[in-house]
Amino acid sequence: CLIRLLNLNQPIHPSGTANEEVYKILIYDKFCQNILSPLIHVKDLRKHGVTLYFLIDKDRKPVHDVPAVYFVQASQVNIQRIVADASRSLYDSFHLNFSSSIPRPLLEDLASGTLNSNSLDRISKVHDQYLEFVTLEDDLFSLAQKSCYVQLNDPSAGDREIEEIVERIVSGLFCVLATLAVVPIIRCPRGGPAEMVAMALDQRLRDHLLSKNNLFTEGGGLSSFQRPILCLFDRNFELSVGIQHDFRYRPLVHDVLGLRLNRLNVQGEKGGMKSFELDSSDPFWVTNGSLEFPEVAVEIESQLTKYKKDVDEVNKRTGGSAGAEFDGTDLIGNTKHLMKAVNSLPELTERKQVIDKHTNIATVLLGEIKERSLDSYAKKENDMMVRGGIDRAELLAMLKGKGTKMDKLRFAIIYLISSETINQLEVESVEAALRESEVDTTAFQYVKKIKSLNVSLASANSASRSNIVDWAEKLYGQSISAVTAGVKNLLSSDRQLMMTRTVEALMDGKPNPEIDSYLLLDPRAPKSGAGTSSSHLKGPFKEAIVFMVGGGNYVEYGSLHELAKSQQPVKHVIYGTTEILTGVEFVEQLTVLGQKMGLGSVGAPSTSH
């Protein structure tokens, strides 16, 4: 899709380039730069004839006789810039690509603006690309929409604001579905943001399917004729995963080293920062991303040994045998060996680069793990989630021990989420320990508040319960029931996340009390028959798109990935979210919510991390 866009939307040859080589200029905005960056590297731009590329808001000089490809969001500001560029005849022709469909009023602004400046003939094409999402890996995407969790759970948010956010999420999801060319069956838990998104998306797809030039012709882009299932969840469905420490390679690299848009900056071995790309072109990352850290270290070691062995092999082959008489036959044999050796060099060099890169990353990670004892955090948090509690001495020892302020705060919140009952004395000693380390406890207070509401909900009798629910919903958005619902079964013995288990059940399509109450929408079905349970809607499904509203992470991605691989026959699961968050970033959002509810932390500066 993107390559077509770079080639002025001409058809593409199998070789991946368009008919004629046209040199062109690429203009994008910040948002679209993030869409491009994980997918297309600078060297690839050259291949497609892009010689220069600029951000749209930079001042640019005219370049004559060259077409310009614009890839931007459809916004008032961008339209004004394009009109200004066209009226100054900066480029020969303008190929405009908007990341989603451009609204009518903006299109009219574009037309009238270029007409008034007599530059209409310079605009050669306008395309809606439906690409408002960032593809990080083949089965991982993000809508790059910041702070959705805060906005959706903000006690002061009005209906209008919530609707706008839901509308934005729906637009992004619509783009994903348009790109995959599928109309899925939609399932989600009832109540909360996930249901709002599901209803709005269903309506959006219905409206679109009625229009003449619809993007979803039968057949679709995924492998089978069967339609996929789209499972929508809201972050509160499983709050803990957003906060927990994890000890697998991919989540660790993201959480500790800050992997962003598949790029990573770490301290190099000789000092100085190094930038690495971690994506599907890196075989080690693809194969070992979901292993626990110690296993990854072993794997690096064994690949290094194998590499050394292969290098020795090449040297042995080409070195000739010592002291042998030189005759012609030997020469022919040697030439063959030399050819073979020369051919294997690029592959060996590439392997060495990958090994060096991961050795460097793993070394930096190991330093952090030791310094913050991240292995104990990950293990103890997991134990708490499984056992539903922790020994008080152990709890306080962790909070007084190693780790950053954020590590301690995350640990304390997991303690809160995992305990079935809140022991007031214990909670107070936890708060005291946090304050002692000068941790800002706002997020802790926020989760405690939601949790205490929950407990009081459960104990109140049903008559007064509805009033409490009304009051709580007004005050705290829809996040109430979600936080403690089923904490016990969050992690069953084989460490499967609740979300992964639910997705598995939804894909199996067998009757299951956990999911029978889930909403079921089919945008292709006639409206009247909504809610009827025709068999094809129930599955089993070979393909699923799982979407987390309010921020996802590599832990969930890895867990779904494992699920898909473990099925017989192998299934295909795509994971997407409003934004990919590290544990720290997510806790920061909880802190903001706590501040909005006026829950400050006592005796600590509110900005300390």
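Keep in mind the model is a prediction, meaning the values are calculated, not measured. (Residues numbered from 1 in each chain as written. Predicted model: local features only at pLDDT ≥ 70, side-chain atom pairs only at ≥ 80, totals over all residues. Heavy atoms only, no water.)

Quick notes on the overall build of the chain
No. 1: From N to C terminus, the chain includes 23 helices and 14 strands.
No. 2: Residue pairs at least 24 apart in sequence account for 79% of intrachain contacts in the chain once pairs closer than 6 positions are excluded.
No. 3: Of the roughly 28,600 Å² that the chain leaves accessible, carbon and sulfur atoms contribute 55%. (Helix = DSSP H or I, 4+ residues; strand = E, 2+ residues; numbered from the N terminus. Contact = heavy atoms within 4.5 Å. Areas by Shrake-Rupley, 256 points an atom, 1.4 Å probe, with all protein chains shown as cover.)

Digging into the nonpolar core
No. 1: With 107 residues, the main nonpolar core has Leu232 and Phe233 as its most contacted residues.
No. 2: Of the residues forming this core, the biggest block, twelve residues, is contributed by helix H7 (residues 159–180).
No. 3: Those residues in contact with Phe233 that sit more than four places away from it in its chain are Pro189, Ala194, Met499, Thr502, Val503, Leu506, Tyr518, Val546, Phe547, Met548 and Val549.
No. 4: Val150, Leu409, Val447 and Phe586 belong to the second largest nonpolar core, which has 38 residues in total. (Core = buried A, V, L, I, M, F, W, Y, C linked by side-chain atoms within 4.5 Å. Buried < 20%, exposed > 50% of the residue type's maximum accessible area, 1.4 Å probe, protein only.)

Thoughts on the sheet that holds strand S6 (residues 134–137)
No. 1: Ordered by their spatial adjacency, seven strands build an open sheet running S6-S7-S14-S13-S9-S8-S12, and the pairing between neighbours is mixed. A single partner strand is all that each edge strand has here, and the edge strands are S6 and strand S12 (519–521). Each adjacent strand pair in this sheet contributes to an overall mean axis angle of 20°, direction not counted.
No. 2: Sheet strands touched by helix H20 (residues 498–508): strand S8 (185–188), strand S9 (229–234), strand S13 (543–549) and strand S14 (572–577). Its angle to S9, the strand with the most contacts, is close to 150°. (Pairing = 2+ DSSP bridges. Axes fitted to C-alpha atoms, helices over the stretch in contact; angles between N-to-C directions.)

Considerations on the sheet that holds strand S4 (residues 93–98)
No. 1: Spatial ordering of the open sheet is given by S2-S1-S3-S4-S5, a layout of five strands whose pairing is parallel. The open sheet terminates on both sides in strands that have one partner only, identified here as strand S2 (50–55) and strand S5 (123–128). Between one strand axis and the next, the sheet turns through 15° on average, direction left out of account.
No. 2: Here five bridges tie S4 to S5, and the two strands are oriented parallel to one another. By the bridge assignment, Phe94 is partnered in S5 with Ile123.
No. 3: Of the strands in this sheet, strand S3 (67–72), S4 and S5 touch helix H4 (residues 76–87), which is tilted by about 170° from S4.

Some thoughts on a positive patch on the surface
No. 1: Judged by side-chain charge, Lys30, Lys58, Lys146 and Arg260 come together as a positively charged surface patch.
No. 2: Counting through the fold element by element, Lys30 comes out in helix H2 (residues 30–36). (Patch = residues over 30% accessible without salt bridge, like charges linked within 9 Å, V, L, I, M, F, W, Y side chains within 5 Å. Salt bridge = Lys/Arg side-chain N within 4 Å of Asp/Glu carboxyl O. Lys, Arg positive; Asp, Glu negative; His and termini not counted. Charge placed at Lys NZ, Arg CZ, Asp CG, Glu CD.)

Some points on the side chain of His358
No. 1: Looking at the secondary structure, you find His358 in helix H12 (residues 328–372).
No. 2: Look at His358 and you get buried, because its relative accessible area is 1%.
No. 3: Beyond its immediate sequence surroundings of up to four residues, His358 is in contact with Tyr249, Leu278, Asp282, Phe284, Trp285 and Ile300.

Comments concerning the packing of H4 against helix H5 (residues 104–116)
No. 1: H5 packs onto H4 with a crossing angle of 20° between their chain directions and a minimal axis gap of 9 Å. Comparing their axes, H5 and H4 come out roughly parallel. Every pair of crossing elements has a handedness; the one defined by H4 and H5 is right-handed. Together, Gln76, Ile79, Ile82, Val83 and Ala86 of H4 and Leu106, Asp109, Leu110, Gly113 and Thr114 of H5 make up the contact between the two elements.
No. 2: By residue class, the composition of the contact of H4 with H5 is six nonpolar, three polar and one charged. (Parallel < 35°, antiparallel > 145°, perpendicular 65-115°, else oblique. Left-handed = near helix turned anticlockwise from the far one by under 90°. Nonpolar A, V, L, I, M, F, W, Y, C, P; charged D, E, K, R; others polar.)

Some remarks on the confidence of the model for the chain
No. 1: Averaged over the chain, the pLDDT score is 75; the fraction of residues at 70 or greater is 79%.
No. 2: Note that residues 320–328 has pLDDT below 50 and, in this model, two contacts with residues that lie over four places away or in other chains. (pLDDT = per-residue confidence, 0-100.)

Overview of helix H15 (residues 405–418)
No. 1: Look at H15: 20 Å from first C-alpha to last across 14 residues, which is about the 20 Å you get at 1.5 Å a residue.
No. 2: With respect to burial, H15 is a largely interior element, 13 of its 14 residues being buried. (Expected span 1.5 Å × (residues − 1).)

Details of the pattern of salt bridges
No. 1: Applying the stated criterion across every chain, the model contains 22 salt bridges.
No. 2: Linking Arg160 and Glu163 is a salt bridge whose minimum nitrogen-to-oxygen distance equals 3.1 Å. With Arg160 and Glu163 both in helix H7, this residue pair falls three residues apart, about one helical turn.
No. 3: Of the charged contacts, one joins Arg351 and Glu347 as a salt bridge, the two residues approaching to 3.5 Å between their closest N and O atoms. Here the residue Arg351 and the residue Glu347 both occupy positions in helix H12, the gap between them amounting to four residues, near one helical turn.
No. 4: Look at Arg351 and you get partly exposed, because its relative accessible area is 22%.
No. 5: Residue class for Glu347 comes out partly exposed when judged on its relative accessible area of 42%.
No. 6: A cluster of three or more residues bridged by salt bridges with shared partners is formed by Lys306, Asp310, Glu347 and Arg351.

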